[in-house]
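# Chain and residue survey
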Amino acid sequence: MKKFLSMFKKNKATGKRNTYLIMGTIITGLIVIIVLVGLFYTPYSPTKMDSSAKLQGFSFKHIMGTDHMGRDVFSRVVYGSRITLAIATFTVLIGAGLGTIIGAITGYFGGILDEFTMRVVDAMLAFPSILLSLVFVSLFGTGTYQVAIALGISFVPSFARIVRGEVLRCKNMDYVEVARLQGVSDLRIIFVHILPNITGVLVSTIMIGFNNAVLAEAGLSFLGIGSQPPYASLGNMLSDAQSYLFSRPSYVLGIGATIVLMVLGFSFLSEGMKRWK
Amino acid sequence: MRYIMKKVLSMALTLFVVSICVFFAFSLIPGDPVTRMFGTQATPELIEQYRQKMGLNDPLIVRYFRWFTSFIQGDFGTSYDYKVPVAGMIAEKIPITLTLAIMSFVMMVIISIPIGIYTAKHENGIADHILTVINQIIMAIPPFFSGIIMTFIFGIVFKLFKPGGFVSYTKDFWGFIEYLILPAVAIALPKAAMATKLLRGSVIDEAAKDYTRTAYSRGNTTNGVLYLHVLKNAMIPVITFMGMALADMVAGSIVIEQVFGIPGISRILLTSINNRDYPVVETIIMGIATMVLVINLLVDIIYRIIDPRIEVED
């Protein structure tokens, strides 16, 4: 915690604050707080329709206006952000979890298993991530859980590659040799000795992972393949709002800006963490 | 030459692995294509007859090689839904998606290289600081949102183009190109921002190296050092990124085609995914994968030309 707070202070060597980290924490923190509060309270029910208040602009009553069914856009955005964030978290958990295990084991042991796994990883990385998730969605079917799993699997290769590289770098260092001489088992060396030493890289990668997961989820649900209504995520809502661009242009703004802010928050965080070391 | 041969071989191997993964993945999904074809009219005899005819009773390996050999010969199978050859379905759509991707790529290069060089040259200047912040923000705007915003500004406010008024390249080629400009910008912007950032960092790194000082001491001007020595080395990581970006753009155009109502391969891919029309999905995925791998190969070859130090790695 103390280390966490120290990041807001000026760097003693350069006399500069880490603006990226501070901005990232503020933006992401704000979004997470609003989403958490939204679990218990939103100004309106996200599904309550009001035929007398369709497609309104920004006002004090409806800060992001209302949609084509008279629902409060802000309440829906809070609700949609929750789904987008939940899917992103799940995606990163699968991607980072499996990727770390695969990358650490193949990097540490090497050999034919490593050779084979890296061929598959290369083949998967050759696919643009959105296409890879489309492949998995077409295999698993469309829906909230399926998309989370599909995205998660498509994130595994990049995590595996990064962790493998880091483990390769560390595995011949002195502290690993010492542990090996003391008779510590290989698995314990990997997960207890090496892994804590690569958390810096891992955390920054996880933040980029969040950044990409939010973008990918929004893209997929924008195409109508992601989470299905009534669990509308931000992408679905943006796709709906696009149809009313002509009659109520401000409708897309609140939703789009939320996606941008969410991505911006994570990208600032990852940028800041990279500069922090 | 040996280098290129080796790269071509490794590409063929990867493509082979991809084809195995794609084929087996789609074969393992529950659901029988014949039952799907006939729906409620399916009788056991009819199903058996067609399974025999389509060779579905053969072992998976045999089916894979049959599929693979006909695939290389340009026979991509028949769509379950439309009952027409897949090749014909996508042949006229591919030029649209490909043109869009190439236009986005050209825009990314035109935007990122001058800005990247400028910001690196004036590191820590006011323009550099402003452009770096703008860069970071542009990276966070997904193409489908910037696409919508551009539709609004240029289509509804200024009425410079007609939203949804796509013209096919067979009818009016320049009208077609004109309609693709905004979608291409939408795809190019975030990639250009990333390329700018990368180029800036790379030029700054290279400028701190010894050979730069040597070049200066031989009486070169800043511009001379920058354009004759530094840039060539600084471009190497940028070219890797741009190769990946081109591959991403082919896939990224799928989303943008939806935003601007462009009838490229996106619509076919999406309906096929929703209807589980696997021959079509398989073909499009294999097609994009091949394109991506060819792009990677070209990047490797360009590498070798820029930097002959790159050896054949074992």
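Position numbers for residues count from 1 along each chain, tracking the sequence in the order it is written. Note on labels: chains are lettered from A, ligands numbered from 1, in written order. It should be noted that, the model being predicted, local features are given only for residues of pLDDT at least 70 and side-chain atom pairs only at 80 or more, the latter also being counted only at that level, while totals for whole chains, interfaces and linings use all residues. No hydrogens and no water enter the side-chain calculation; it runs on all heavy atoms of the structure.

## As for the overall build of chain B
Put simply, DSSP marks the helices as runs of H or I at least four residues long and the strands as runs of E at least two long, and each gets a number from the N terminus on. Helix and strand counts for chain B come out as 13 helices and zero strands. Mapped in sequence order, the helices and strands of chain B form the string α-α-α-α-α-α-α-α-α-α-α-α-α. Taken along the three principal axes of its C-alpha coordinates, chain B extends 85 × 60 × 35 Å. Exposure is judged per residue with a 1.4 Å probe applied to protein chains only, and the accessible area is read against the type maximum: over 50% gives exposed, under 20% gives buried, and values in between give partly exposed. Sorting the 314 residues of chain B into buried and exposed places 43% on the buried side.

## Examining the overall build of chain A
In terms of helices and strands, chain A carries eleven helices and zero strands. Element order for chain A, N to C, with α for helix and β for strand: α-α-α-α-α-α-α-α-α-α-α. Summarising its shape, the C-alpha atoms of chain A cover approximately 75 × 50 × 30 Å along the three principal directions. The buried share of chain A, taken over its 277 residues, is 53%. In chain A, the proportion of contacts linking residues at least 24 apart, taken out of those at least 6 apart, comes to 68%. Residue exposure ignores everything except the shown protein chains as possible cover, and the areas themselves are Shrake-Rupley values with a 1.4 Å probe. Of the roughly 13000 Å² of accessible surface on chain A, a fraction of 67% belongs to carbon and sulfur atoms. Only four residue types enter the tally: Lys and Arg on the positive side, Asp and Glu on the negative side; His and the chain ends are excluded. The location of each charge is read from NZ of Lys, CZ of Arg, CG of Asp or CD of Glu. Across chain A, the centroid of the 24 positively charged side chains sits 10 Å from that of the 13 negatively charged ones. Any two residues whose heavy atoms approach within 4.5 Å at even a single point are treated as in contact.

## Let's talk about the domain arrangement of chain B
What fixes the domain bounds is an automatic or database domain assignment. Parsing chain B into structural domains produces domain 1 (2-91) and domain 2 (94-263). A separation of 38 Å is found between the C-alpha centroids of domain 1 of chain B and domain 2 of chain B.

## What about the packing of aromatic side chains?
Put simply, two rings from Phe, Tyr or Trp (the six-membered ring, in Trp's case) pair if the centres are within 6.5 Å, and we call them stacked under 30 degrees between planes, edge-to-face over 60, tilted for the rest. Tallied over the entire structure, the rule returns 22 aromatic pairs over all chains. Taking the centre distance of 6.1 Å and the plane angle of 40° together, the rings of Tyr244 of chain A and Tyr251 of chain A count as tilted. For Tyr244 of chain A, a relative accessible area of 26% corresponds to the partly exposed category. Given a relative accessible area of 4%, Tyr251 of chain A falls into the buried group. Consider the rings of Phe23 of chain B and Tyr64 of chain B, whose centres lie 5.5 Å apart with planes at 65°: the pair is edge-to-face.

## Observations concerning unusual backbone geometry
Residues other than glycine seldom take positive phi values, yet Asn124 of chain B does so here, at roughly 70°. Take Asn124 of chain B: it is sitting in the loop between helix H6 (94-121) and helix H7 (126-139).

## Some words on the environment of Val184 of chain A
Residues and elements named next belong to chain A. Mapped onto the fold, Val184 is located in the loop between helix H7 (174-181) and helix H8 (186-194). C-alpha of Val184 to C-alpha of Leu98: the two residues are 86 residues apart in sequence and 23 Å apart in space. Setting aside anything within four residues of it in sequence, one finds Val184 in contact with Ala179, Ile189 and His193.

## As for a nonpolar patch on the surface
Residues enter a patch when their relative accessible area is above 30% and they make no salt bridge; the linking distance is 9 Å between like charges and 5 Å between nonpolar side chains (Val, Leu, Ile, Met, Phe, Trp, Tyr). When a carboxyl oxygen of Asp or Glu is within 4 Å of a side-chain nitrogen of Lys or Arg, the pair counts as a salt bridge. Among the surface-exposed residues, Val32, Ile33, Leu36, Val37, Leu39, Phe40 and Tyr41 of chain A lie close enough to one another that they form a single nonpolar patch of about 750 Å² accessible area. Checked against the element boundaries, Leu36 of chain A lands in helix H2 (residues 19-38).

## Side note on the side chain of Thr151 of chain B
Relative to the assigned elements, Thr151 of chain B resides in helix H8 (residues 143-157). For Thr151 of chain B, the side chain forms a polar contact with the main-chain oxygen of Gly147 of chain B, separated by 2.7 Å. Those residues in contact with Thr151 of chain B that lie beyond four places of it in its chain are Leu245 of chain A together with Ile156, Phe161, Pro163 and Phe260 of chain B. Counting of polar contacts relies on pairs of N or O atoms within 3.5 Å, with two restrictions inside protein: one atom must be capable of donating a hydrogen and the other of accepting it, and residues adjacent in sequence are counted only when both atoms are side-chain atoms.

## Examining the confidence of the model for chain B
Summing up the model confidence of chain B, the mean pLDDT is 83 and the portion of residues at 70 or higher is 96%. The ipTM assigned to the predicted complex is 0.83, against a pTM of 0.85. Per residue, pLDDT measures the predictor's confidence, with a range of 0 to 100.

## Some thoughts on helix H5 (residues 129-140) of chain A
Residues and elements named next belong to chain A. Compared with an ideal rise of 1.5 Å per residue, which puts twelve residues at 16 Å, H5 spans 16 Å between its outermost C-alpha atoms and is within 8% of the ideal. Of all twelve residues making up H5, ten are buried, and the element is well covered by its neighbours. Regarding H5, the residues found buried are Ile130, Leu131, Leu132, Ser133, Leu134, Val135, Phe136, Val137, Ser138 and Leu139. Gly141 sits one or two positions beyond H5 and adopts a positive phi of about 95°. Here a helix's expected span is defined as the number of its residues, less one, multiplied by 1.5 Å.

## What to know about the interface of chain B and chain A
Chain B puts 40 residues into the contact, and the matching count from chain A is 38 residues. Two parts placed together each lose some accessible area under a 1.4 Å probe, and adding up what both lose gives the buried area. Regarding the contact of chain B and chain A, the summed buried area is about 3400 Å², with carbon and sulfur atoms giving 80% of it. Sorting the residues of chain B by area buried against chain A places Gln136, Phe144 and Ile148 of chain B first, and these three jointly supply 17% of that buried surface. Counting every contact that joins chain B to chain A gives one salt bridge. For Glu271 of chain A, the salt bridge is made with Lys197 of chain B, and the minimal N-O distance between the two is 2.5 Å. Joining chain B to chain A, the criterion identifies two residue pairs in polar contact (both at pLDDT 80 or more).

## Quick word on the pattern of salt bridges
Residues and elements named next belong to chain A. Applying the stated criterion across every chain yields a total of nine salt bridges over all chains. For Arg169, the salt bridge is made with Glu166, and the minimal N-O distance between the two is 2.8 Å. Here Glu166 and Arg169 lie together in helix H6 (residues 144-170), a separation of three residues that amounts to about one turn. Overall, Arg169 belongs to the partly exposed group, its relative accessible area being 48%. By relative accessible area, which is 15% here, Glu166 ends up buried.

## With respect to the nonpolar core
Side-chain atoms within 4.5 Å link the members of a nonpolar core, which is a set of buried Ala, Val, Leu, Ile, Met, Phe, Trp, Tyr and Cys residues. Core analysis: the biggest nonpolar cluster contains 150 residues, and Leu238 and Ile255 of chain A together with Phe26 of chain B have the highest contact counts within it. The residue makeup of this core includes at least three contributed by each of domain 1 (2-91) and domain 2 (94-263) of chain B. When near neighbours in sequence (up to four residues on either side) are disregarded, Phe26 of chain B contacts Val135, Ser138 and Leu139 of chain A together with Tyr278, Val281, Glu282 and Ile285 of chain B.

## Quick word on the confidence of the model for chain A
Overall, the prediction assigns chain A a mean pLDDT of 84, with 93% of residues at 70 or greater. Within chain A, helix H3 (residues 73-109) of chain A carries the highest mean pLDDT (91), whereas helix H1 (residues 2-6) of chain A carries the lowest (63).

## Quick word on the packing of H5 of chain A against helix H12 (residues 265-275) of chain B
At their nearest, the axes of H5 of chain A and H12 of chain B sit 9 Å apart, and the two run at 30° to each other. On the basis of the axis angle, H5 of chain A is roughly parallel to H12 of chain B. Between H5 of chain A and H12 of chain B, the residues in contact are Leu131, Leu134 and Ser138 of chain A and Leu269, Leu270 and Ile273 of chain B, respectively. Each residue is assigned to one class: nonpolar for Ala, Val, Leu, Ile, Met, Phe, Trp, Tyr, Cys and Pro, charged for Asp, Glu, Lys and Arg, and polar for all the others, Gly among them. For the contact of H5 of chain A with H12 of chain B, the per-class residue count stands at five nonpolar, one polar and no charged. Each axis is a line fitted through C-alpha atoms, and for a helix only the stretch in contact is used; angles between axes span 0 to 180 degrees, taken between their N-to-C directions. For classification purposes, an angle smaller than 35 degrees is called roughly parallel, one larger than 145 roughly antiparallel, one from 65 to 115 roughly perpendicular, and anything else oblique.

## Notes on the environment of Asn296 of chain B
Residue placement: Asn296 of chain B occurs in helix H13 (residues 278-306). Placed 56 residues apart in sequence, Asn296 of chain B and Thr240 of chain B show a C-alpha to C-alpha distance of 8.4 Å.

## With respect to the side chain of Thr283 of chain B
All names here are of chain B. With respect to the helices and strands, Thr283 occurs in helix H13. According to the relative accessible area criterion, Thr283 is buried, its value standing at 4%. Here the side chain of Thr283 touches Pro279 through a polar contact of 2.7 Å, landing on its backbone oxygen.

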